[in-house]
Amino acid sequence: EYCTMKRMIADRQIFLWLLSGVFMLLLQIILGGITRLTGSGLSITRWDIITGIIYPLSDVEWMKAFDMYKQTPQYSKINHGISLGEFKFIYFWEYFHRLWARLMGLVFVIPFLYFLIKGRLSRKLIYDLLIVVVLAVFVASLGWIMVASGLVHRPWVNAYKLSFHLCAAVLLIGFLWWTALCYGWSHKRVAANKTTVNLIRILIGICFVQIFLGGVMSGMKAGIAAPTWPDMGGHWLPLGIDEISEKNWSLFGDYDQDVVNPLVIQFFHRNVAYVVFAISLFAIFYSFRIRQRELTKRLVILLALLTVQIGLGIITILNCVGYVPLLWGVLHQLTGIICFLYILYLVFLTKAVIPLE
C-alpha cells in the first residue's frame, strides 16, 4: 500500500511538472506578443545564449547596446532619435522574453534529470520529452531567423517568419499539453460518434490555420488597414482582392510594398474565425440531437471561448487606429491559444489514448 501511494504521489508530481511547462510556454507566447506589439523584438541585435543572460547594469554597457541598435534599419527608419530611456523600455521586453525561455529550460532540465535518476519516467514519456526538446530548439532557431530578418533591410521582422515562429511555439505547447493529458489526466473519455470526432479534428486544423493568419496579421499590422467592423473600411471585400489571380501578386514576397496585402490577410483572418464559430455551432446542435450529453456540454464551453475570442478580436480591430492596442491584442492572442488547447483537449477526450505506463 505504501509503494502504491508513493507511486501516485510521483505521478502527481510529474503531471504538475508537465502542466507547469504548459503554463510557462503560454506565458512565453504572451511575452512574445508583448514584444511584438511594443516593437521590442529588434532591440537586442545578438543571440548570446550564455552571456545574453546578463542584463546591462552600467552606463557603458547600456550605451554599447544602444549603439548596436542604432545600426539597425528599425532605428534609422522608425525610431531615429529615441532616448536611452525609451530604448531601455523596448530592450527590457525582448530581454525578458529571452530570459523566460532560458528559465523554462532550467525548469525542464533539472526536474527531468531528477525524475530520470529516480527511475520515475517511463520510456514513452522520455521519448515524448525528447521530442519537446527538439521542438523547443526548433522554436528558438525560428525566433532568431525571425529577428535576423529585421536587421538587414526591413525595419521590422518578416511577417511570415514571425508567424512560423508563433506556429512552432503553438506546436510545442500543444504537444506538451497532449503529453500531460496522456500521462496524468484522470477524466474518462466521453462518448462521441465518428461524425462528431471528425468535426472536432477539422476544428483543430482550422484553428491552427487561424493562428498562422493571426501571426501574419500581427506582423503586417493588418488591423490598422481597416479598423472597422463588420465591414472593412466601408467594403465587404478588400479592394484589390482580384489581384490574387495576377502573376505579379506580391502577398508572399514583397508584401509591404502593396497596401492591399494587409487587407487581404485581414479578410481571411476575419472569415476563418466565422467558419470556426459556425462549425462549432453545428457540432453542438448535432451532438445534442444524437444525445451526446457530456460532449455537448464541453462543446458549449468551446463556443463560449470562441465568442470571447471573436469579441476580443472585434475590440482589437476597432481600436487599431494608428497602432495595434497592446492590451486587447495580447488578450486576443491569449484566448486564441486557450481555444486551441481546449479543442486539443476535446480531441483527447474523444480519442482512445494508450496510458503512459
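Being a predicted model, the structure only gives us computed values, none of them experimental. (Residues numbered from 1 in each chain as written. Predicted model: local features only at pLDDT ≥ 70, side-chain atom pairs only at ≥ 80, totals over all residues. Heavy atoms only, no water.)

1. Side note on the packing of aromatic side chains
Applying the stated criterion across every chain yields a total of 25 aromatic pairs. Judged by centre distance (6.3 Å) and plane angle (90°), the ring pair of F66 and Y75 falls under edge-to-face. We note that F66, like Y75, is buried. For the pair Y69 and Y75, a centre-to-centre distance of 5.9 Å together with 75° between the ring planes defines the contact as edge-to-face. Each member of the pair, Y69 as well as Y75, carries the same accessibility label: buried. Positioned above the aromatic ring of F66, the side-chain terminus of K70 is 4.5 Å from the ring centre. (Phe/Tyr/Trp six-rings, centres within 6.5 Å; stacked < 30°, edge-to-face > 60°. Buried < 20%, exposed > 50% of the residue type's maximum accessible area, 1.4 Å probe, protein only. Lys NZ or Arg CZ within 6 Å of the ring centre and 35° of its normal.)

2. With respect to the side chain of T335
With respect to the element layout, T335 can be found in helix α10 (residues 326–349). A relative accessible area of 15% means that T335 is categorised as buried. One polar contact links the side chain of T335 to the main-chain carbonyl oxygen of H332, over a distance of 3.1 Å. Apart from the residues within four sequence positions on either side, T335 is in contact with V308, Q309 and L312. (Helix = DSSP H or I, 4+ residues; strand = E, 2+ residues; numbered from the N terminus. Polar contact = N/O pair within 3.5 Å; in protein donor to acceptor, adjacent residues only side chain to side chain. Contact = heavy atoms within 4.5 Å.)

3. Quick word on the nonpolar core
In terms of nonpolar packing, the biggest core is built from 69 residues, with I14, W17, L18, I173, L302 and I337 touching the most fellow members. Of all elements in the fold, only α1 (2–37), α4 (84–117), α5 (123–148), α6 (159–184), α7 (194–220), α8 (260–289), α9 (293–318) and α10 reach the threshold of two or more residues within this core. In this structure, L18 is in contact with L125, L129, L176, T179, A180 and Y183, ignoring residues within four places of it in sequence. Core analysis: the second largest hydrophobic core is formed by 11 residues, F66, Y69, I90 and Y91 among them. (Core = buried A, V, L, I, M, F, W, Y, C linked by side-chain atoms within 4.5 Å.)

4. Overview of α7
Spanning 27 residues, α7 covers 39 Å between terminal C-alpha atoms, matching the ideal 39 Å at 1.5 Å per step. Two residues or fewer past α7, K221 is found with a positive phi of approximately 50°. (Expected span 1.5 Å × (residues − 1).)

5. Overview of the packing of α7 against α10
In the contact formed by α7 and α10, the axes pass within 9 Å of each other and the chain directions differ by 160°. By the angle class used here, α7 and α10 are roughly antiparallel. Where α7 crosses over α10, the two elements pack in a sense that is left-handed. Contacts between α7 and α10 involve I200, L203, I204, C207, F208 and I211 on the former and, on the latter, G336, I337, F340, I343, L344, L346 and V347. Looking at the contact of α7 with α10 residue by residue, the classes come out as 12 nonpolar, 1 polar and no charged. (Axes fitted to C-alpha atoms, helices over the stretch in contact; angles between N-to-C directions. Parallel < 35°, antiparallel > 145°, perpendicular 65-115°, else oblique. Left-handed = near helix turned anticlockwise from the far one by under 90°. Nonpolar A, V, L, I, M, F, W, Y, C, P; charged D, E, K, R; others polar.)

6. Some points on the confidence of the model for the protein
On average, residues of the protein carry a pLDDT of 85, and 88% of them reach 70 or more. Residue range residues 1–9 is modelled with pLDDT below 50. Its contacts to residues more than four positions away, or to other chains, number 2 contacts. Counting interchain partners and residues more than four positions distant, the pLDDT-below-50 stretch residues 353–357 has 13 contacts. (pLDDT = per-residue confidence, 0-100.)

7. Some words on the pattern of salt bridges
This model, assessed by the stated rule, comprises 4 salt bridges. The salt bridge involving R98 is made with E94; its shortest N-O contact spans 2.7 Å. One end of the pair, R98, and the other, E94, are both in helix α4, 4 residues apart, so they sit about a helical turn from each other. Considered together, R98 and E94 belong to a single accessibility category, that of buried residues. (Salt bridge = Lys/Arg side-chain N within 4 Å of Asp/Glu carboxyl O.)

8. Here's the deal with α10
An ideal rise of 1.5 Å per residue puts 34 Å on 24 residues; α10 measures up with 35 Å between its terminal C-alpha atoms. Burial analysis of α10 places 17 of its 24 residues in the buried class, the great majority of the element.

9. Regarding the packing of α5 against α6
Running from N to C, α5 and α6 point in directions that differ by 165°, and their axes come no closer than 9 Å. Taken as axis vectors, α5 and α6 run roughly antiparallel relative to one another. In this structure, α5 meets α6 at a crossing whose hand is left-handed. Taking contact as the criterion, the partners of L125, D128, I131, V132, L135, A136, F138, V139, L142, G143, I145 and M146 in α5 are, on α6, K161, L162, F164, H165, A168, A169, L171, L172, F175, L176, T179 and Y183. Split into classes, the residues belonging to the contact of α5 with α6 amount to 19 nonpolar, 3 polar and 2 charged.

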